[in-house]
Amino acid sequence: MASEKLLKELNDHFNFELLSAYHYMAMAAYCSSENMNGFAHYFVEQAKEEYEHGMKFYQFINDMGGRVIPRAIEEPKNDYSSFLEVFKEALDHEEQVTVKIYELLDLAREENNYPTIQFLQWFVEEQLEEENSMKDIIFVLEGIDGNFQGLYLLDKELGSRQ
Ligand code: FEO
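Residues numbered from 1 in each chain as written. Predicted model: local features only at pLDDT ≥ 70, side-chain atom pairs only at ≥ 80, totals over all residues. Heavy atoms only, no water.

### A look at the nonpolar core
Core analysis: the largest hydrophobic core is formed by 26 residues, its most contacted members being F39, F43, F83, F87 and L141. If you list the elements that add at least two residues to this core, you get α1 (4-33), α2 (37-63), α3 (83-110), α4 (114-144) and α5 (148-158). In this view, F39 contacts C31, F83, F87, L141, L151, L154, D155 and L158; residues no more than four positions away in its chain are not counted. Among the nonpolar cores identified, the runner-up in size contains 23 residues, and F16, V97, L105 and A108 belong to it. (Core = buried A, V, L, I, M, F, W, Y, C linked by side-chain atoms within 4.5 Å. Buried < 20%, exposed > 50% of the residue type's maximum accessible area, 1.4 Å probe, protein only. Helix = DSSP H or I, 4+ residues; strand = E, 2+ residues; numbered from the N terminus. Contact = heavy atoms within 4.5 Å.)

The structure is reproduced here in C-alpha cells:
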C-alpha cells in the first residue's frame, strides 16, 4: 500500500526516467552525426538503462497496487556544439535525477513506507555510480581539449561499453 501522493510521485519518476532515455537518444544521435560511433554507442546503452530504470518503477507501482500513467515526453535538447557540452548536460541531468530520488526517499520516509524506502536504495547507489562515470569522462574530455587523437582513443574506449 502507498498513499495517492506517493503513487503520483512514483509515476512522475517513471515518466522522468523515460525522459532521461529520450535525452540520451538525442545525445547519441548528435555523436553519430559527428562520426563518433563509440560516443554514440555509450549514449544508446545509457538510453537503454534509463528505459530499464523506468520499467523498474513500472513494476514497483504495479506491485504497490497503483496504476502507471505514461505522460507526454517533452522534446530533449538536440543542439550541441561539442562532446564536452554533451557530457556536461548528461551530468546535469543525472544530478536532477538524483535530487528527485532523494525527494522520493524523503516522502517514503515521512510515510514510513518501508517497501518504497527499500526499492529506492538501489537507485541511490545507481545515481552515485552514474554521476561518477559522467564526471570521469568530463575530466578526460577537459584534458583532451578537442585534440582529435585523444577524442579518437576515448571514442574507442566508450564504444566497448556493455
Ligand atoms: Fe535513471 Fe540515469 O537515472
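The structure having been displayed, the exposition proceeds.
### A few points about the packing of aromatic side chains
Applying the stated rule across the entire model yields 15 aromatic pairs. Here the aromatic rings of F57 and F119 are separated by 5.0 Å at their centres, their planes lie at 85°, and the arrangement is edge-to-face. Taken together, the positions of F57 in helix α2 and F119 in helix α4 put the pair 62 residues apart, joining distant regions of the chain. For the pair formed by F57 and F119, the shared burial category is buried. An aromatic cluster of three or more residues is present, and its members are Y24, Y30, F39, Y42, F43, Y80, F83 and F87. In this arrangement the basic side chain of K77 is found over the ring face of Y80, its NZ or CZ atom lying 4.8 Å from the centre. One cation-aromatic arrangement involves R161 over Y42; the distance from NZ or CZ to the ring centre is 4.5 Å. (Phe/Tyr/Trp six-rings, centres within 6.5 Å; stacked < 30°, edge-to-face > 60°. Lys NZ or Arg CZ within 6 Å of the ring centre and 35° of its normal.)

### A few points about a nonpolar patch on the surface
Taken together, F148, Y152 and L153 make up a surface patch of nonpolar side chains, about 350 Å² in accessible area. Residue position: F148 is located in helix α5. Note on F148: relative accessible area 57%, which makes it exposed. (Patch = residues over 30% accessible without salt bridge, like charges linked within 9 Å, V, L, I, M, F, W, Y side chains within 5 Å. Areas by Shrake-Rupley, 256 points an atom, 1.4 Å probe, with all protein chains shown as cover. Salt bridge = Lys/Arg side-chain N within 4 Å of Asp/Glu carboxyl O.)

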